[in-house]
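# Notes for the structure review
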Amino acid sequence: MAKSFKDLDAQLSDYILNRSRISVQSSRMNSKLEKYVLRILTEVLEKLGQTRYIEMLYTITKEMAINGVKANQKRVFFEDLGLDIRNHEHYDQGLAQFKQNFSEKMADEYGKRCLARGVFVKISVTYAPEGLVVEVVNNTPVIEIEESRMREKMRKAMEYNDIAEFYMDNMDNTEGAGLGIALIMILLKSENIDPNLFRIQTSAAETVARVEIPFTDNYVTIRSKEINQVGNHK
């Protein structure tokens, strides 16, 4: 059974000190969760002597979580309207209504609806002296049209080193998620971290956004392991 924030709060420092992974799950993004995530990242990075990454990693984690929560809420919104998210006409209609109606009040309401339907986002931080991984899993898949747009945003973001420049060049056709993706990749570049260490993977059951932060040359990235596995199976 999942522990409440209150229960975890009292034990958090001990968890971080004695473990190499900590997770938190929620159906909405609010100030309580944001503060909790910041505390987790701060204490983990203090333990590892890597406090220089606190602000960057908090911003990245928050962006990944917001994107996941919003994707889940959009799914439930479509269901409530009786729209098929995989139907292109339904998708355009539902997306326009979702954008038009979206507000903090709506986000809070749909957070409750997601919770009632077992739809959530799980944030996991796995850490060692060599490096750190943050994964944000939301238990809804990305549909084909959204995945195509997402990959295009990631490709475009590779060309930029400044978020304001990216926004000015793409403000006519960039959703909030597109800006979030670009921000993550540009922040990684600013710390001389390979932006390819930010990945988004989807399956029939879930979507996983992941960022890796190497601390030493001994860190072996999950991405490199995946590439090697593909090569070995050819």
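As recorded in an unreviewed UniProt entry, the protein chain goes by the name Histidine kinase, listed as coming from Leptospira dzoumogneensis.

Moving on: the packing of helix 3 (residues 54-81) against helix 5 (residues 104-116). Between helix 3 and helix 5, the shortest axis-to-axis distance is 9 Å and the interhelical angle comes to 80 degrees. Overall, the two elements helix 3 and helix 5 adopt an arrangement that is roughly perpendicular. Along its contact with helix 3, which presents Asn 72, Gln 73, Val 76, Phe 77 and Asp 80, the element helix 5 presents Met 106, Ala 107, Tyr 110, Gly 111, Arg 113 and Cys 114. For the contact of helix 3 with helix 5, a count of residues per class yields 6 nonpolar, 3 polar and 2 charged.

We now examine the environment of Met 154. When you line up the elements, Met 154 lands in helix 6 (residues 144-157). The exposure class of Met 154 is buried, given its relative accessible area of 10%.

The two faces of the sheet receive side chains in turn, since in a regular strand these alternate between them. Side chains Ile 22, Val 24 and Ser 26 project from strand 1 (residues 21-26) onto a buried face, and the interleaved Arg 21, Ser 23 and Gln 25 project onto a face without burial. Relative to strand 2 (residues 121-128), strand 1 runs antiparallel, the two sharing 6 bridges. Note that in strand 2 the partner of Ser 23 across the bridge is Ser 124.

Moving on, we come to the sheet that holds strand 1. Ordered in space as 1-2-3-5-4, the 5 strands form an open sheet in which the pairing is antiparallel. Across the chains shown, the open sheet's two edge strands, defined by having one partner strand only, are strand 1 and strand 4 (198-202). Taking each pair of neighbouring strands and ignoring which way they run, the sheet shows an average axis angle of 15 degrees. The sheet contact formed by strand 3 (residues 131-138) and strand 5 (residues 207-214) spans 8 bridges and is antiparallel. Each bridged residue has a counterpart across the sheet, and for Val 133 the counterpart in strand 5 is Glu 212. Along the sheet face, helix 3 touches strand 2, strand 3, strand 4 and strand 5 and points at about 15 degrees away from the line of strand 3.

Rules and cut-offs
Residues numbered from 1 in each chain as written. Predicted model: local features only at pLDDT ≥ 70, side-chain atom pairs only at ≥ 80, totals over all residues. Heavy atoms only, no water. Axes fitted to C-alpha atoms, helices over the stretch in contact; angles between N-to-C directions. Helix = DSSP H or I, 4+ residues; strand = E, 2+ residues; numbered from the N terminus. Parallel < 35°, antiparallel > 145°, perpendicular 65-115°, else oblique. Contact = heavy atoms within 4.5 Å. Nonpolar A, V, L, I, M, F, W, Y, C, P; charged D, E, K, R; others polar. Buried < 20%, exposed > 50% of the residue type's maximum accessible area, 1.4 Å probe, protein only. Pairing = 2+ DSSP bridges.

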